[in-house]
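Structure assessment
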Amino acid sequence: MLTATPAVSESDRPAVPSGGAPAPHTPWLRAVLLAVGAAAIVVVVLLAFLWPTVTSTVKDLPIAVAGQPAAVAQVEKQLDAAAEGAFDVTAVADRSDAVDLIKTRDVYGAIVIGQKPEVLTASANGAAVTQILTQVAGKLQAAAQKQADAAVAAAVAAGRAPAGTRAPTVTVPVTDIVPLASTDARGLGLAAAAFPLVLGGMLGGILISLLVVGSWRRLTAVVLYAVIGGLGVTAILQGWFGILQGGFWLNSLAVGLSMLATAAFIVGMNALLGRPGIAVGAVLTVLVGNPLSAAAQPLQFLVGPWGAVGQWFVPGASVTLLRDLSYFPDASTAFPWLVLTGWAVVGLVAMLFGHFRNQEVTQAAA
């Protein structure tokens, strides 16, 4: 007597490898742990990118106040009363001193007090800073107008001025000392280019780690990748879109060094640790360095010391360096150059150590 065999769908049928034996099913515990781990990774990535933005606050914004010491102290007190801890004030004698500090990027803006009050800003520092200082100018103008109206009203009441006399309109102009280029008038280009630079360096390091065999070949590939990538990326950012300003070759060197630092570090970690080294390099670059880079806001706005910590990583150092080279040629760029060079050297040294370690393992096995 023939019996019907129940049909088995292709999805339920165990895979049969070339040897003929069916592949065993993944254990339930392993499948569950993989699902939980993947979900945890998504949560960590989300937190890494959202946390610096959501928790950022206006604090310790470095500005200068130019004027007589007594007047400067009064303005500083008023600023602290209006927004405690929002500004880090540097007192200077006059407007020219404030302009010098803005151009060297020691401060992000300034308030000039006296007969002709004025607010100085630098839109090249980002839209957030310009917006804050523009609001300060509005409050100063309202306060000055109120004082002028009160003085005229007192004069009319005392008979020193005819009835109906009005105070002149007080204006506090906002002067942009370091404006953005017309090709990137909103300042979005440099902030938007920060992550592709990080991603490009990471992908280059991963591809070279996986597809290039031989330590010296990897070293050559990393250096060549950085040179070609630096020239190509700068040609797009500066020659095509006009996002970067200044000297093309110096910008190319900065972009190439940034890509070299990331790619060399990932390849070096792979040489020392194997495949887990790639994950270490990617995590430090994307999940740690990039969210702390302060590409779209002042580093002082990040919680605690993390804004300053972010400048020790490749993304933060590269964004700061490119911004300074483009708009603040008088600013000191020694620190970001040293940070990028340090990461590149660490990666190259790790590649060499990995090369000699592999030789020792091979000789011992032989």
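First things first, this report covers the structure right here in the doc. (Residues numbered from 1 in each chain as written. Predicted model: local features only at pLDDT ≥ 70, side-chain atom pairs only at ≥ 80, totals over all residues. Heavy atoms only, no water.)

What follows concerns the overall build of the protein chain. Of the regular secondary structure elements, the protein chain holds 11 helices and five strands. Taking 366 residues into account, the globule formula puts the C-alpha radius of gyration at 21 Å, and the protein chain, at 29 Å, lies well above it. Its C-alpha atoms put the protein chain at 120 × 60 × 35 Å along the principal axes. Among the 366 residues that make up the protein chain, the fraction classed as buried is 41%. Long-range pairs, those at least 24 residues apart, make up 69% of the contacts in the protein chain between residues at least 6 apart in sequence. In the form shown here, the protein chain has an accessible surface area of approximately 20200 Å², with 67% of it arising from carbon and sulfur atoms. On the protein chain, the mean spot of the 18 positive side-chain charges and the mean spot of the 18 negative ones are 6 Å from each other. (Helix = DSSP H or I, 4+ residues; strand = E, 2+ residues; numbered from the N terminus. Rg over C-alpha atoms; globule rule 2.2 N^0.38 Å. Buried < 20%, exposed > 50% of the residue type's maximum accessible area, 1.4 Å probe, protein only. Contact = heavy atoms within 4.5 Å. Areas by Shrake-Rupley, 256 points an atom, 1.4 Å probe, with all protein chains shown as cover. Lys, Arg positive; Asp, Glu negative; His and termini not counted. Charge placed at Lys NZ, Arg CZ, Asp CG, Glu CD.)

Let us look at the sheet that holds strand β4 (residues 118-121). Spatial strand order, β2-β1-β3-β4-β5: five strands in an open sheet with mixed pairing. The two strands at the open ends of the sheet, each matched to only one other strand, are β2 (87-92) and β5 (174-176). Strand-to-strand twist of the sheet, defined as the mean angle between neighbouring strand axes without regard to direction, takes the value 25 degrees. Bridge count for strand β1 (residues 61-66) against strand β3 (residues 109-112) is four bridges, and the pairing is parallel. The residue of β3 that forms the bridge with Val65 is Ile111. Those strands touched by helix α4 (residues 127-157) are β1, β2, β3, β4 and β5, and its axis lies near 180 degrees from that of β4. (Pairing = 2+ DSSP bridges. Axes fitted to C-alpha atoms, helices over the stretch in contact; angles between N-to-C directions.)

Moving on, we come to empty space enclosed by the protein. Over the atoms a probe the size of a water molecule is rolled, and this reveals where empty space is left. Taken as a whole and judged by the stated rule, the model has one cavity of 30 Å³ or more. For the largest cavity, the calculated volume is near 60 Å³. Together, Ala261, Thr262, Phe265, Leu284, Thr285, Phe313, Val314, Pro315 and Trp343 line the largest cavity. Counting residues per element, the ones that place at least two in the lining of the largest cavity are α7 (248-273), α8 (275-289) and α10 (314-327). Top contributing element to the lining of the largest cavity by residue count: α7, with three residues. Partitioning the lining of the largest cavity into residue classes produces seven nonpolar, two polar and no charged. (1 Å grid on protein atoms, 1.4 Å probe; cavity = no way out; pocket = protein on both sides within 12 Å on 5 of 7 lines; lining within 4 Å. Points joined across faces, edges and corners; volume = space filled by probe spheres on them. Nonpolar A, V, L, I, M, F, W, Y, C, P; charged D, E, K, R; others polar.)

At a minimum axis separation of 10 Å, α7 and α10 run at an interaxial angle of 180 degrees. Classified by the interaxial angle, the pair formed by α7 and α10 is roughly antiparallel. Along its contact with α7, which presents Leu250, Asn251, Ala254, Val255, Ser258, Ala261 and Thr262, the element α10 presents Val314, Ser318, Leu321, Leu322 and Leu325. Among the residues forming the contact of α7 with α10, the class breakdown is eight nonpolar, four polar and no charged. (Parallel < 35°, antiparallel > 145°, perpendicular 65-115°, else oblique.)

By secondary structure assignment, the location of Glu118 is in strand β4. Among the polar contacts made by the side chain of Glu118, one reaches the side chain of Arg95 at a distance of 2.8 Å. Apart from residues no more than four positions distant in its own chain, Glu118 is found in contact with Arg95, Ala110, Ile111, Val112, Val172, Pro173 and Thr175. (Polar contact = N/O pair within 3.5 Å; in protein donor to acceptor, adjacent residues only side chain to side chain.)

Before going further, it helps to spend a moment on the packing of aromatic side chains. One pass over the full model with this rule turns up five aromatic pairs. Centre to centre, the rings of Trp240 and Phe241 are 5.0 Å apart; their planes meet at 5 degrees, and the pair counts as stacked. Using a relative accessible area of 64% as the deciding quantity, one classes Trp240 as exposed. According to the relative accessible area criterion, Phe241 is partly exposed, its value standing at 44%. Ring centres of Phe265 and Trp343 lie 4.9 Å apart, and the angle between their planes is 80 degrees; this geometry places the pair in the edge-to-face category. (Phe/Tyr/Trp six-rings, centres within 6.5 Å; stacked < 30°, edge-to-face > 60°.)

What follows concerns the pairing of β3. Strand residues, when the strand is regular, have side chains that alternate between the two faces of the sheet. Burial of β3 is two-sided: the residues Gly109 and Ile111 facing one way and the residues Ala110 and Val112 facing the other way are all buried. Where β3 meets β4, four bridges bridge the pair, whose relative direction is antiparallel. Counted as the bridge partner of Gly109 is Thr121 from β4. Two successive antiparallel strands, β3 and β4, enclose a turn made up of five residues, where Gly114 displays a positive phi of approximately 140 degrees.

With that out of the way, let us pick up the pattern of salt bridges. Counted according to the given criterion, the structure contains two salt bridges. Asp324 is the partner of Arg105 in a salt bridge, and the nearest nitrogen-oxygen pair spans 3.0 Å. Residue Arg105 is found in the loop between α3 (95-103) and β3, and its partner Asp324 is found in helix α10; the two are separated by 219 residues along the sequence. By the burial criterion, Arg105 is buried, and Asp324 matches it. (Salt bridge = Lys/Arg side-chain N within 4 Å of Asp/Glu carboxyl O.)

Taken by themselves, the reported measurements are silent on function.
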